[in-house]
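The chain contents come next:
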Amino acid sequence: MSQNHTKMINIQGKEHSYNDHQVVNFNEGLVGFPEMHRAVLIPLAEYVPFCWLASLDNENVRFIVVNPKQVFDSYQPKMESADEAETQTLALVKISSDWRKTTVNLKAPIFINSKTRSAAQVILNDSTYQLAESLPNT
Amino acid sequence: MLVLSRRIGEKIIIGNEIVVEVLSISDGGVRLGIKAPKETSVHRFEVFNEIEIANKAAEIAISEINQSVLENLSAHICTK
């Protein structure tokens, strides 16, 4: 039987609903956040294509993520031991109050296996991708 | 910290699967060969440290979020 109850999570003072299929599991945590094992992905419907990545283990740990391919057309990170068709790619966004100074981490994307929902942050060896890439045309 | 002395060609094993071999030594530098399972990530410490700092900065930067920033970002990306 599939259990797909709607749950609620508070992010930045606002309640969001989510289902189990939005939960991802970081077996090794995120780099610098080894205790973050479960997190939920919540699209910011009004601000496409951004999503919240909110830890379910620590209510203070929240990130903004984006599918980097939607922002950088040519982004093509090399996935070792992963099937590209089944992998969802996300990148952490560092927001700046001056929006033009917002950057995206292309050096260490998050790969999510769409079937198993297991996720990992991978550090690419490719030196063309930067830790703090500026948005195109800013 | 465990400290071991090794010569060129000698190895150490970490856990049951990770093997580190001293390949060569020159000018104060050491070349290491590392054999580890695919799912074990191996990086130069500085690189790992940089990512850690970047992740923490991204998490802290959440406090800079406001409606106008998100509106501008979304509009910029969707119309590019």
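Quick note: structure is the one above.
As the structure is a computational prediction, the values presented were derived from the model and not from experiment. (Residues numbered from 1 in each chain as written. Chains lettered and ligands numbered in written order. Predicted model: local features only at pLDDT ≥ 70, side-chain atom pairs only at ≥ 80, totals over all residues.)

## As for the nonpolar core
Counting 40 residues, the largest nonpolar core has Leu53, Val65, Val66, Ala91 and Val93 of chain A as the members making the most contacts within it. Listed by contribution, the elements that provide at least two residues to this core are strand E3 (23–26), strand E4 (38–43), strand E5 (50–55), strand E6 (62–66), strand E7 (87–94), strand E9 (110–113) and strand E10 (118–121) of chain A together with helix H1 (45–60) of chain B. Ranked by residue count, the leading element in this core is E5 of chain A, at five residues. Among all residues touching Leu53 of chain A, those that are not within four sequence positions of it are Ala39, Leu41, Phe63 and Val65 of chain A. (Core = buried A, V, L, I, M, F, W, Y, C linked by C-beta atoms within 7 Å. Buried ≥ 20, exposed ≤ 12 C-beta atoms within 10 Å, placed from the backbone. Helix = DSSP H or I, 4+ residues; strand = E, 2+ residues; numbered from the N terminus. Contact = placed C-beta atoms within 7 Å.)

## Structural notes on the pairing of E4 of chain A
All names here are of chain A. Of the pairings in the sheet, the one linking E3 to E4 comprises three bridges and is antiparallel in character. Within E4, the position partnered with Asn25 by the bridge is Arg38. Bridge count for E4 against E5 is five bridges, and the pairing is antiparallel. Along E5, the bridge assignment pairs Ile42 with Trp52. In textbook terms, the turn of a hairpin is the stretch between consecutive antiparallel strands, and for E4 and E5 this stretch comprises six residues. (Pairing = 2+ DSSP bridges.)

## Considerations on unusual backbone geometry
Cis rather than trans, the peptide bond between Val48 of chain A and Pro49 of chain A has omega equal to 5°. Its place among the elements puts Pro49 of chain A in the loop between E4 and E5.

## Details of the interface of chain B and chain A
Interfaces are frequently sized by the accessible area removed from exposure as the parts join. Each partner contributes residues to the interface: chain B has 28 residues there, and chain A has 33 residues. Listing elements by their share of the side of chain B that touches chain A, those giving two or more residues are H1 and helix H2 (67–78) of chain B. Tallying contributions element by element places H1 of chain B first for the side of chain B that touches chain A, with 11 residues. Its residues assigned to classes, the side of chain B that touches chain A shows 14 nonpolar, six polar and eight charged. (Nonpolar A, V, L, I, M, F, W, Y, C, P; charged D, E, K, R; others polar.)

## Focus: the environment of Glu10 of chain B
Relative to the elements of secondary structure, Glu10 of chain B occurs in the segment before strand E1 (11–14). Given 11 C-beta atoms within a 10 Å radius, Glu10 of chain B is considered exposed.

## Brief notes about the sheet that holds strand E2 (residues 18–26) of chain B
Residue and element names in this part refer to chain B. Spatially, E1-E2-E3 is the arrangement adopted by the three strands of the open sheet, whose pairing is antiparallel. For this open sheet the edge positions go to E1 and strand E3 (29–35), each flanked by a neighbour on one side alone. Across the sheet, the mean angle from the axis of one strand to that of its neighbour is 25°, orientation sign disregarded. Two strands pair when backbone bridges link them, and E2 and E3 are joined in this way by seven bridges, in the antiparallel orientation. For Glu21, the partnering residue across the bridge sits in E3 and is Gly33. (Axes fitted to C-alpha atoms, helices over the stretch in contact; angles between N-to-C directions.)

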